[in-house]
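# Chain and residue survey
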Amino acid sequence: MSVSDPYTVQLAPEVHAYIQPDGGWCLNNAGFVSDGASTLLVDTAATERRARALREALVATGVPLPRTLVNTHHHGDHTYGNGVFLPEAVVIGHDSCRSEQLAAGHQLHLMWPGTDFGDISIIAPTVTYNDRLTVHVGDIEVRLIHPGGVAHTPGDTIVHLPRQRVVFTGDLIFEGGTPFIPMGSLSGSLRALDVLRSLDATTVVPGHGPITDPAAYDATERYLRYVAELAGQGRAKGLTPLETAQQADLGVFAELREAERLVANLHRAYAELDGLPEGSPLDPVAVFGDMAAMNGGVPVACHA
């Protein structure tokens, strides 16, 4: 196995995480919960090939194929592979996860037309919830929690296993990677961190990057507050988000993957300073164009 191969980690007797290094663009994490008789899967993958590899890794642990599949949000790197697990699995997500996924369609195909995504059908959740929902896998309690309002997206789901003290955060947390909020809210992302802290989990499975612990919440908050401060300063000077990003000193945040995301996050912070509602659509051409400018003039690449 190379350092870039996906791998499975057993977090508790009933719980596994599936990690796709290095956690960059389109390389998300998944996980599954099983009592040996039934299985719940958290998220899929960006391509048919990677979703099939996830399916094989799950079966290799000896657990049955999932009857339940939870999507932590609508983005294609977490949902494109849903069809690989049908018809056995019922897909669950937040109300907004369903509507956003149907509206987005084959969005990753448009963003990265050169990527071989395979045979991808858009499979949105058929069971949705609004605030909280508890699912039982045998006697294992799995709590699905919407953080309230808009965070990474309007339809985020935190998957919390209270007895095992494990939480799957979706893209509320990027371990070792730059947070990404242009399709969500800076203020809402900060509020979501307080929800995560309240759960008292000791093991944190981020949406991207290696397994971590609650220290990731503070690290994410420091970055988001840095973006907020930078946006306030840049906007007061009449600078565009790109000009502000180009002049910024990233300091310790330069160590994070996808540093070019700073300008995308500034677009969201500027929108909130302008009084636009959280989650208001931004111009994707402007956002991704500015990220390309920050990336040496090269469009960001899908690593899947």
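Report follows, based on the coordinates. Every value quoted in this text rests on a predicted model; they were computed, and no experiment measured them.

## Regarding the pattern of salt bridges
Following the criterion strictly, the structure yields 12 salt bridges and no others. Taking the shortest distance from any N to any O, the salt bridge between Glu 14 and Arg 163 comes out at 3.4 Å. Taken as a pair, Glu 14 in the loop between strand S1 (7-12) and strand S2 (15-19) and Arg 163 in the loop between strand S10 (158-161) and strand S11 (166-174) lie far apart in primary sequence, 149 residues in all. Arg 143 is the partner of Glu 141 in a salt bridge, and the nearest nitrogen-oxygen pair spans 2.8 Å. Where salt bridges share partners, they join Asp 194, Arg 197, Asp 218, Glu 221 and Arg 225 into one cluster.

## Some thoughts on the packing of helix H8 (residues 261-273) against helix H9 (residues 284-294)
Relative to each other, H8 and H9 sit at 145°, their axes nearing to 7 Å. Once H8 is placed against H9, the crossing between them reads as right-handed. Taken together, the residues of H9 that come into contact with H8 (itself represented by Arg 261, Val 263, Ala 264 and His 267) are Ala 286, Val 287, Asp 290, Met 291 and Met 294.

## A look at the environment of Ala 245
Looking at the secondary structure, you find Ala 245 in helix H7 (residues 241-247). A relative accessible area of 4% places Ala 245 in the buried class. Separated by 20 residues in sequence, Ala 245 and Asn 265 place their C-alpha atoms 9.6 Å apart. Aside from chain neighbours lying at most four places away, what touches Ala 245 is Leu 262, Val 263, Leu 266 and Met 294.

## Side note on the packing of helix H5 (residues 186-198) against helix H6 (residues 215-236)
Viewed as axis vectors pointing N to C, H5 and H6 meet at an angle of 165°, and their least axial separation amounts to 10 Å. In terms of their interaxial angle, H5 and H6 are classed as roughly antiparallel. In the packing of H5 onto H6, the handedness of the crossing is left-handed. Between H5 and H6, the contacting residues are Leu 186, Ser 189, Leu 190, Leu 193, Leu 196 and Arg 197 on the first element and Tyr 217, Asp 218, Thr 220, Glu 221, Leu 224, Arg 225, Val 227 and Ala 228 on the second. Taken together, the residues of the contact of H5 with H6 break down into 8 nonpolar, 2 polar and 4 charged.

## Here we look at the sheet that holds strand S3 (residues 30-34)
Strand order in this open sheet of 7 strands is S1-S2-S3-S4-S5-S6-S7, and the pairing throughout is mixed. Two strands in the sheet have a free side with no partner beyond their single neighbour: S1 and strand S7 (127-129). Strand-to-strand twist of the sheet, defined as the mean angle between neighbouring strand axes without regard to direction, takes the value 20°. Relative to strand S5 (residues 68-70), strand S4 (residues 39-42) runs parallel, the two being bridged by 3 bridges. By the bridge assignment, Val 42 is partnered in S5 with Val 70. Seen against the sheet, helix H1 (residues 48-60) touches S1, S2, S3 and S4 and runs at an angle of roughly 150° to S2. Sheet strands touched by helix H3 (residues 95-104): strand S6 (90-94) and S7. Its angle to S6, the strand with the most contacts, is close to 105°.

## Comments concerning the side chain of Glu 48
The topology assignment puts Glu 48 in helix H1. Excluding residues that lie within four positions of it along the chain, Glu 48 makes contacts with Val 84, Phe 117, Gly 118, Asp 119 and Ile 120.

## Regarding H1
Compared with the 18 Å implied by 1.5 Å per residue over 13 residues, the 18 Å span of H1 between its first and last C-alpha is a close match. Here H1 has its buried residues at Glu 48, Arg 50, Ala 51, Leu 54, Ala 57 and Leu 58. One or two residues past the end of H1 sits Gly 62, with phi positive at roughly 95°.

## As for the packing of aromatic side chains
Between two aromatic rings, the relevant description is the distance of the centres plus the angle of the planes. Under the criterion given, the structure shown has 7 aromatic pairs. When the centroid spacing of 6.0 Å and the interplanar angle of 55° are considered together, the rings of Trp 25 and Trp 112 count as tilted. One end of the pair, Trp 25, is in the loop between S2 and S3; the other, Trp 112, is in the loop between helix H4 (107-111) and S7, with 87 residues separating them in the sequence. Judged by its relative accessible area of 7%, Trp 25 is buried. Taking 6.2 Å as the distance between ring centres and 45° as the angle between the ring planes, the aromatic pair formed by Tyr 223 and Tyr 226 counts as tilted. Of this pair, Tyr 223 and Tyr 226 both sit in helix H6, 3 residues apart, which is roughly one turn of the helix. Neither residue differs from the other here; Tyr 223 and Tyr 226 are each classed as buried. One aromatic cluster is present, built from ring pairs that chain together Trp 25, Trp 112, Phe 180 and Phe 288.

The rules we used
- Residues numbered from 1 in each chain as written.
- Predicted model: local features only at pLDDT ≥ 70, side-chain atom pairs only at ≥ 80, totals over all residues.
- Heavy atoms only, no water.
- Salt bridge = Lys/Arg side-chain N within 4 Å of Asp/Glu carboxyl O.
- Helix = DSSP H or I, 4+ residues; strand = E, 2+ residues; numbered from the N terminus.
- Axes fitted to C-alpha atoms, helices over the stretch in contact; angles between N-to-C directions.
- Left-handed = near helix turned anticlockwise from the far one by under 90°.
- Contact = heavy atoms within 4.5 Å.
- Buried < 20%, exposed > 50% of the residue type's maximum accessible area, 1.4 Å probe, protein only.
- Parallel < 35°, antiparallel > 145°, perpendicular 65-115°, else oblique.
- Nonpolar A, V, L, I, M, F, W, Y, C, P; charged D, E, K, R; others polar.
- Pairing = 2+ DSSP bridges.
- Expected span 1.5 Å × (residues − 1).
- Phe/Tyr/Trp six-rings, centres within 6.5 Å; stacked < 30°, edge-to-face > 60°.

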